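Structural features, examined
Spelled out, the chains give:
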Amino acid sequence: MKNFFTRYSYTAVKLFLNQFAIALFGVGLAFACAKAQKTTLLYVTSIFAVLFYLFLQYAVMWEVGAKDGISAQARGTSRGLWRGFAIGALSNVINLLLALLGLFRDFSATGSGLSKMGAVCRSIALMLEGMYQGILSAPFRGVQLHDFAWVYFAITVPAILVCGVSYIIGSYNLHATNILIPKNKDVKNNGRPK
């Protein structure tokens, strides 16, 4: 376990920093669309921000999976395909902790210190996962989605799944897109080196 944290803590921090950067982008888009009172544009830009965030997570984890796949193949060991999901969960620890603390808002006496702490934690979670802000402003049964406690757990699931799947894809050197494949300048069109 210690070896896992030592080896992948930098990757988890990198994933979280990607999230933070895209969250700022998402919050900016949400505020701009809300000020313009363009609800449809708010949803569209939020979906775009989420997809961009997931693509960045995919890129990071594909590379980690590719390195680990090469290493496992060279040593003749198992690939440890669960690692991508574990790294994704590790990078979402702060989000999950805020979601847990946010439960106090709904399950404590209204106006109590715990209830206020839960409300603050939800506000922080909404800012840290700002790419979802437009989507979470959508009404559901007459209430905006960000008022439901389960939503803060649910929005961590796509990132964890993308991290896990992209790690597996990377460990087998498969490509979901050609965007991340470097062009080899030493190879002619027929595939032979110059």
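Residues numbered from 1 in each chain as written. Predicted model: local features only at pLDDT ≥ 70, side-chain atom pairs only at ≥ 80, totals over all residues. Heavy atoms only, no water.

1. Regarding the nonpolar core
Counting residues in hydrophobic clusters, the biggest one holds 22 residues, and the most contacted among them are Tyr53, Met131, Tyr132 and Leu136. Excluding residues that lie within four positions of it along the chain, Tyr132 makes contacts with Ser46, Val50, Ile155 and Pro158. (Core = buried A, V, L, I, M, F, W, Y, C linked by side-chain atoms within 4.5 Å. Buried < 20%, exposed > 50% of the residue type's maximum accessible area, 1.4 Å probe, protein only. Contact = heavy atoms within 4.5 Å.)

2. Quick word on the layout of surface pockets
Over the atoms, a rolling probe the size of a water molecule traces out where space has been left empty. Here the largest pocket is characterised by a volume of approximately 170 Å³. Arg7, Tyr8, Tyr10, Thr11, Lys14, Val60, Glu63, Val64, Lys67 and Asp68 together form the lining of the largest pocket. Elements supplying a minimum of two residues to the lining of the largest pocket: helix H1 (2-36) and helix H2 (39-75). (1 Å grid on protein atoms, 1.4 Å probe; cavity = no way out; pocket = protein on both sides within 12 Å on 5 of 7 lines; lining within 4 Å. Points joined across faces, edges and corners; volume = space filled by probe spheres on them. Helix = DSSP H or I, 4+ residues; strand = E, 2+ residues; numbered from the N terminus.)

3. A short note on the pattern of salt bridges
Pairing is possible between side chains of opposite charge, provided their charged atoms come close. Evaluation of the coordinates by the stated rule reveals three salt bridges. Note that Lys67 and Glu63 form a salt bridge whose closest N and O atoms lie 3.3 Å from each other. Here Lys67 and its partner Glu63 are both found in helix H2, four residues apart, which amounts to about one turn of the helix. Arg105 is the partner of Asp147 in a salt bridge, and the nearest nitrogen-oxygen pair spans 3.9 Å. Linking Asp147 in the loop between strand E2 (143-144) and helix H7 (150-154) with Arg105 in helix H4 (residues 93-107), this pair joins segments that are 42 residues apart in sequence. With relative accessibility at 30%, the residue Asp147 sits in the partly exposed group. (Salt bridge = Lys/Arg side-chain N within 4 Å of Asp/Glu carboxyl O.)

4. So, H1
For H1, which comprises 35 residues, the first-to-last C-alpha distance of 49 Å matches the rise-based estimate of 51 Å (1.5 Å per residue) to within 8%. Looking one or two places after H1, you find Gln37, whose phi comes out positive at around 60 degrees. (Expected span 1.5 Å × (residues − 1).)

5. What to know about the packing of helix H3 (residues 83-91) against helix H8 (residues 157-171)
Running from N to C, H3 and H8 cross one another at 145 degrees; their axes reach a closest spacing of 7 Å. The handedness of the crossing between H3 and H8 is right-handed. For the pair H3 and H8, the contacting residues are Arg83, Gly84, Phe85, Gly88 and Ala89 in the first and Ile160, Leu161, Cys163, Gly164, Val165, Tyr167 and Ile168 in the second. Across the contact of H3 with H8, the residue classes tally to eight nonpolar, three polar and one charged. (Axes fitted to C-alpha atoms, helices over the stretch in contact; angles between N-to-C directions. Left-handed = near helix turned anticlockwise from the far one by under 90°. Nonpolar A, V, L, I, M, F, W, Y, C, P; charged D, E, K, R; others polar.)

6. Some details on the packing of H1 against H2
Helix-helix packing is described using two parameters, namely the angle between the two axes and the distance between the axes. In contact at an axis separation of 9 Å, H1 and H2 are set at 165 degrees when each is read in the N-to-C sense. As judged from the angle between their axes, H1 and H2 are roughly antiparallel. Note that H1 runs across H2; the crossing there is right-handed. When grouped by side-chain class, the residues that make up the contact of H1 with H2 number 17 nonpolar, six polar and three charged. (Parallel < 35°, antiparallel > 145°, perpendicular 65-115°, else oblique.)

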